[in-house]
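Given next are the chains, with one letter for each unit.
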Amino acid sequence: MGGLRRGAACLAAAACYGLAYPYTRRVLSDRPESGVALSAAQVMLGTLQLAPFLATTSAPDAYPLGAVLSMLALGAGGTGIAYVLNYDLIRRAGAQVASTVTYVVPLFATVLGVAVLGEELTWNLPVGAAVVLAGVALTQGRLSRPRRG
């Protein structure tokens, strides 16, 4: 039963992820606030949603400076800047174009895993990459069937 719940949770998360771009385009991107303000609000609200779970965990005895700096760099540099750019992309190009950016993240992760971490490149990784790139090209109108006649 636990596997079924996890699968349902993954499906629900994927559905929410897919709905986020059209929702952002329709409701948030036309607001007068800057992308920085919208991104800050989004991260703060996410933090508030996770706050109740702090009661179920124990705090570490120490916070090493390197870990704190890494967390801040990833939060501000990775997530913060990415959200600002994402809002800008949604405003300029629309939800459909902006959502295709997320499809290429696994491609970069795979390339970096092989190049930097020395992970093994198996046959299914390039095949999966081709499927992802073909899907992106199809959704962008780059692939089309030749017209007859």
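As a starting point, this report considers the structure included with it.

**What to know about the overall build of the protein chain**
From N to C terminus, the protein chain includes 6 helices and 0 strands. In the protein chain, the order of α-helices and β-strands from amino to carboxyl end is α-α-α-α-α-α. Scaling as 2.2 N^0.38, a compact globule of 149 residues should have a C-alpha radius of gyration of about 15 Å, whereas the protein chain reaches 20 Å, well beyond that. Its C-alpha atoms give the protein chain principal-axis dimensions of about 70 × 45 × 40 Å.

**Topic: the side chain of S29**
You can see S29 is positioned in the loop between α1 (2–28) and α2 (35–50). If we ignore the near neighbours within four places in the chain, the residues touching S29 are T24, I90 and R91.

**Here's the deal with the environment of L45**
Within the element layout of this structure, L45 appears in helix α2. For the pair L45 and T139, spaced 94 residues apart in the sequence, the C-alpha separation amounts to 31 Å.

**Here we look at the layout of surface pockets**
The space that makes up the largest pocket amounts to roughly 810 Å³. Lining of the largest pocket is provided by 25 residues; of these, A20, T24, Q42, Y83 and Y87 occupy positions nearest its centre. Mapped onto the lining of the largest pocket, the elements with two or more residues apiece are α1, α2 and α3 (65–93). The biggest single contributor to the lining of the largest pocket is α2, with 9 residues. By residue class, the composition of the lining of the largest pocket is 18 nonpolar, 7 polar and no charged.

**With respect to the pattern of salt bridges**
Tallying each qualifying case throughout the model produces 2 salt bridges. A salt bridge links R31 to E33, with the shortest nitrogen-to-oxygen separation between them at 2.9 Å.

**Observations regarding α1**
Of all bends in α1, the biggest is about 30 degrees, found at P22. Buried residues of α1: Y21, T24 and L28, and no others. If you follow the buried residues of α1, they end up packed against α2, α3 and α4 (95–101).

**Some words on the side chain of T24**
Relative to the helices and strands, T24 resides in helix α1. Dropping the residues within four chain positions of it, T24 is found in contact with S29, Y87 and I90.

**Looking at the packing of α2 against α3**
One can describe the packing of α2 onto α3 by two numbers: an axis separation of 9 Å at closest approach and a directional angle of 125 degrees. Between α2 and α3, the crossing angle belongs to the class labelled oblique. As for how α2 packs across α3, the hand of that crossing is right-handed. Where α2 approaches α3, its residues G35, V36, L38, S39, Q42 and V43 are matched on the opposing element by T79, G80, Y83, V84, Y87 and R91.

What counts and what doesn't
Residues numbered from 1 in each chain as written. Predicted model: local features only at pLDDT ≥ 70, side-chain atom pairs only at ≥ 80, totals over all residues. Heavy atoms only, no water. Helix = DSSP H or I, 4+ residues; strand = E, 2+ residues; numbered from the N terminus. Rg over C-alpha atoms; globule rule 2.2 N^0.38 Å. Contact = heavy atoms within 4.5 Å. 1 Å grid on protein atoms, 1.4 Å probe; cavity = no way out; pocket = protein on both sides within 12 Å on 5 of 7 lines; lining within 4 Å. Points joined across faces, edges and corners; volume = space filled by probe spheres on them. Nonpolar A, V, L, I, M, F, W, Y, C, P; charged D, E, K, R; others polar. Salt bridge = Lys/Arg side-chain N within 4 Å of Asp/Glu carboxyl O. Bend = angle between axes of the 7 residues up to and from the residue. Buried < 20%, exposed > 50% of the residue type's maximum accessible area, 1.4 Å probe, protein only. Axes fitted to C-alpha atoms, helices over the stretch in contact; angles between N-to-C directions. Parallel < 35°, antiparallel > 145°, perpendicular 65-115°, else oblique. Left-handed = near helix turned anticlockwise from the far one by under 90°.

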